[in-house]
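Structure assessment
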Amino acid sequence: MVSVAILGAAGGIGQPLSLLMKLNTNVTRLHLYDIVNVPGVAADISHVATNSEVKSFLGPSKLPDAVTDIDLAIIPAGVPRKPGMTRDDLFKINAGIVKGLVEAIAENSPRAFICIISNPVNSTVPIAAEVLAKKGCYDPRRLFGVTTLDVVRASRFVKDIRPKVDAATLRVPVVGGHSGTTIVPLLSLASPPVELSEKEVEELTNRIQFGGDEVVKAKDGAGSATLSMAYAGARFADSLIRAQQSGVAVVEPAFVALDADPEGAAEYRNLGAGSLRFFAVPVELGPSGIKRIVPLNATISTYERKAIAVAADALAINIDTGVAFATPPA
Ligand code: NAI
C-alpha cells in the first residue's frame, strides 16, 4: 500500500509526473492537488487501467485532505523560469508556496517522505527542513531535493559525444546543488569509465550545469523542463518506493541534509562541502529513507575539486537564504 500526493499536479511537470505515478504499479492511491485545473487532470488520469485510485483536491481548503495518510509527497508546485531568469529569481514566490505545503504535510502526515522539485531547490529544501523542525517532525532521512535531472542530463549529454555509451545505464555522480555552477558532475568517476579530454570535460560540465537553459530558451517563454523533469521525478519516486517496499538497496542522487549520515558525509565535507548543512550526494535508500550517504571511494580531479569549491560558496548563500526565510532573524 503506497499513497502518493502530488502537489502542483496540474502544472507542466505535475501532469506528466501524475501520469507516470499512475503507471507505477506499487502505488495504490494517488492524491492530485493544485489550486487550478486539477479535477480534469485527475479525471483523465483515473481512466488509465492500473489498480491505483486517483483523487482530486482543488484549492487550499482541500490541502489537508490531500496530504492525510500519505507515504510520499512530491512537490512540483510553483512558478517555472522564463528566459533570462535564474532559479534564484523564483525564490520569492516559490518559497512561500513550499513553506505552506510542507506545513500541511507536517500536520497531516508527519512521517511522509517529501520530495521537493520546486526551485530554487538549494533554498526550498532548507525551508522545508526548518518548517518540519518547527513542527517537531524533522527527520533528515526523509527529506529530498530532487536533483535526478542533473544526473539524467549528464548520462545523456555524454552519449551525445560518445555515441557508443548506453545513456540508460551510464552513471555520473553529480554533487553540490541544483542550479548553475552549484551543479558539479564528477565525470572522472563515470561508471563505466569514459575517456574525456580536458576540453570535453569543461564543455560537458558547462552543458550539464546550464542544460536547463537550453529548454527554457527553446520553449521561448512557455516554461522550463517539464517532460524530462517528470521522467526524473518519477524515477526518483520509484526508487524511494522500491527501497521502502522491498528493502533492496537503491542508490540515487539527491540534495539532502548531510547530517542524515554524518559518517558518510565526512568524505564530501573533506572534498569541499565543509560545514554546509545540505549538499547533493548519492544516497542509498532503504525502508526509512536515507540509509547512508554513499562514499565515492575515489580521487576526483583537480578541476572537479575547484568546481566543488565554487559550488560551496554559492550554496552557503542559497542555504542561508532558505533558512532566513523560514526562520527570520529576531
Ligand atoms: P507550472 O507553472 O507549469 O506548474 C506549476 C503548478 O503549480 C501550476 O499548476 C500551479 O497552479 C501550481 N501551484 C501554484 N501555486 C500552488 C500552490 N500554492 N499549491 C499547489 N499548487 C500550486 O510549472 P512547472 O514547469 O511544472 O515547474 C514547477 C516547478 O518545478 C518550478 O519551480 C520549476 O522551476 C521547478 N523545476 C524543477 C526542476 C528540478 O530539477 N528540480 C526542473 C524543472 C523545473
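Just so you know, these numbers come straight off a predicted model, no measurement behind them. (Residues numbered from 1 in each chain as written. Predicted model: local features only at pLDDT ≥ 70, side-chain atom pairs only at ≥ 80, totals over all residues.)

So, the site of the ligand
Let me state the cut-off plainly: Nearness here is judged by the C-beta atom: place it from the backbone, and if it falls within 6 Å of a molecule or strand, the residue counts as near that partner. Helix and strand labels come from DSSP, where a helix needs a run of H or I of at least four residues and a strand needs a run of E of at least two; each type is numbered from the N terminus. In this classification, the charged set is Asp, Glu, Lys and Arg, the nonpolar set is Ala, Val, Leu, Ile, Met, Phe, Trp, Tyr, Cys and Pro, and all remaining amino acids, among them Gly, are polar.
Surrounding the ligand, one finds 33 residues, the nearest of these being Gly8, Gly11, Gly12, Ala77 and Asn119. Where the shell around the ligand is concerned, the elements lending two or more residues are β2 (29–34) and α4 (91–108). For the shell around the ligand, the element with the highest residue contribution is α4, accounting for three residues. Grouping the constituent residues of the shell around the ligand by class yields 19 nonpolar, 12 polar and two charged.

Comments concerning helix α10 (residues 262–273)
So the rule is basically this: An expected span of 1.5 Å times one less than the residue number is assigned to each helix. Whether two residues are in contact depends on their C-beta atoms, placed from the backbone: they are in contact if these lie within 7 Å.
With 12 residues, α10 extends only 12 Å from end C-alpha to end C-alpha; this falls clearly short of the ideal 16 Å at 1.5 Å per step. The secondary structure elements touched by the buried residues of α10 are β7 (174–176), β10 (278–286), β11 (289–293) and α11 (302–326). Directly beyond the C-terminal end of α10, a positive phi value near 50° is found at Gly274.

A few points about the environment of Asp88
By secondary structure assignment, the location of Asp88 is in the loop between β4 (72–75) and α4. Residues Asp88 and Leu20 lie 68 residues apart in sequence; the distance between their C-alpha atoms is 28 Å. Contacts of Asp88, omitting those with residues within four sequence positions, involve Pro120 and Ser179.

Regarding the UniProt feature "domain: Lactate/malate dehydrogenase N-terminal" (unreviewed entry) in the chain
Rules: UniProt positions are given in the numbering used here, feature names are shortened, and annotations may be inferred rather than shown by experiment.
In the numbering used here, UniProt assigns the feature "domain: Lactate/malate dehydrogenase N-terminal" (unreviewed entry) to residues 3–145. End C-alpha atoms of residues 3–145 are separated by 20 Å, and the span's content is 38% helix alongside 20% strand.

Let's talk about the nonpolar core
Basically, it comes down to this: Under the definition applied here, buried Ala, Val, Leu, Ile, Met, Phe, Trp, Tyr and Cys residues are grouped into a nonpolar core through C-beta atoms within 7 Å. Once C-beta atoms are placed from the backbone, each residue is buried if 20 or more other C-beta atoms lie within 10 Å of its own, exposed if 12 or fewer, and partly exposed for counts between those two.
With 106 residues, the main nonpolar core has Leu72, Ala73, Ile114, Cys115, Ile116, Ala128 and Val256 as its most contacted residues. Non-local contacts of Leu72, meaning those with residues more than four positions away in its chain, are made with Val2, Val4, Ala112, Phe113, Cys115, Ala237, Leu240 and Ile241.

Topic: the pairing of strand β9 (residues 250–257)
Note the cut-off: At least two DSSP bridges between two strands are required for those strands to pair.
Summarising burial for β9: six of the eight residues are buried, a large majority. Two strands pair when backbone bridges link them, and β9 and β10 are joined in this way by eight bridges, in the antiparallel orientation. Directly across from Val250, in β10, lies its bridge partner Leu285.

A word on the UniProt feature "active site" (unreviewed entry) in the chain
In this structure's numbering, the residues bearing the UniProt feature "active site" (unreviewed entry) are His178. The topology assignment puts His178 in the loop between β7 and β8 (183–185). A residue is classified by how many C-beta atoms lie within 10 Å of it, and His178, with 29 of them, is buried. With residues near it in sequence (within four places) discarded, His178 still touches Val121, Asn122, Gly145, Thr147, Asp150, Ile183, Phe255 and Ala280.

Quick word on the pairing of strand β3 (residues 53–58)
To keep things clear, this is the line we draw: Orient the strands so they point away from the viewer; a crossover is then right-handed if the path from the first strand over the helix to the second runs clockwise.
When β2 meets β3, the two strands line up parallel, connected through six bridges. Its bridge partner lying in β3, Leu30 is registered against Val54. For the segment spanning β2, helix α2 (residues 38–46) and β3, crossover handedness is right-handed.

As for the confidence of the model for the chain
To be explicit about the condition: Here pLDDT means the predictor's own confidence in every residue, given as a number from 0 to 100.
Scored by pLDDT, the chain comes out at a mean of 96, with 100% of its residues at no less than 70. Under the prediction, the complex receives an ipTM of 0.98, its pTM being 0.97.

Looking at unusual backbone geometry
Backbone torsion omega between Asn119 and Pro120 reads -5°, so that peptide bond is classified as cis. For Pro120, the position within the fold is in the loop between β5 (113–116) and α5 (121–134). The omega angle of the peptide bond from Ser191 to Pro192 is -5°, so this bond is cis rather than trans. Topologically, Pro192 is positioned in the loop between β8 and α7 (198–209). Despite not being glycine, Asn297 has its phi angle at roughly 50°, a positive value. As for its position among the elements, Asn297 is in the loop between β11 and α11. Assessed through the 7 C-beta atoms surrounding it within 10 Å, Asn297 is described here as exposed.

A look at the packing of helix α1 (residues 14–22) against helix α9 (residues 227–246)
The following threshold applies: Angles shown run from 0 to 180 degrees and are taken between the N-to-C directions of axes, each axis being a line fitted to C-alpha atoms and, for helices, limited to the stretch in contact. It is the rotation of the near helix from the far one that decides the hand of a crossing: anticlockwise by less than a right angle makes it left-handed, clockwise makes it right-handed.
For the pair α1 and α9, interaxial distance at closest approach is 8 Å and the crossing angle is 35°. Handedness of the crossing formed by α1 with α9: right-handed. Residues Pro16, Leu17, Leu20 and Met21 of α1 form the contact with α9, whose own contacting residues are Leu227, Ala230, Gly233, Ala234 and Ala237. Class assignment for the residues of the contact of α1 with α9 results in eight nonpolar, one polar and no charged.

Some points on the environment of Gly100
Secondary-structure assignment places Gly100 in helix α4. Under the C-beta neighbour-count criterion, Gly100 is labelled partly exposed, with 14 such atoms within 10 Å. Taking C-alpha positions, Gly100 is 9.6 Å from Pro60, a pair spaced 40 residues apart along the chain.

Some thoughts on the packing of helix α6 (residues 148–161) against α7
Inclusion rule: Every angle not falling under 35 degrees, over 145, or within 65 to 115 is termed oblique; those three ranges are roughly parallel, roughly antiparallel and roughly perpendicular.
In the contact formed by α6 and α7, the axes pass within 9 Å of each other and the chain directions differ by 140°. One element, α6, and the other, α7, form an angle in the oblique class. Considering the relative orientation of α6 and α7, their crossing is right-handed. Contact residues: Asp150, Arg153, Ala154, Phe157, Val158 and Ile161 in α6; Glu200, Leu204, Arg207 and Ile208 in α7. A per-class count over the contact of α6 with α7 returns six nonpolar, no polar and four charged.

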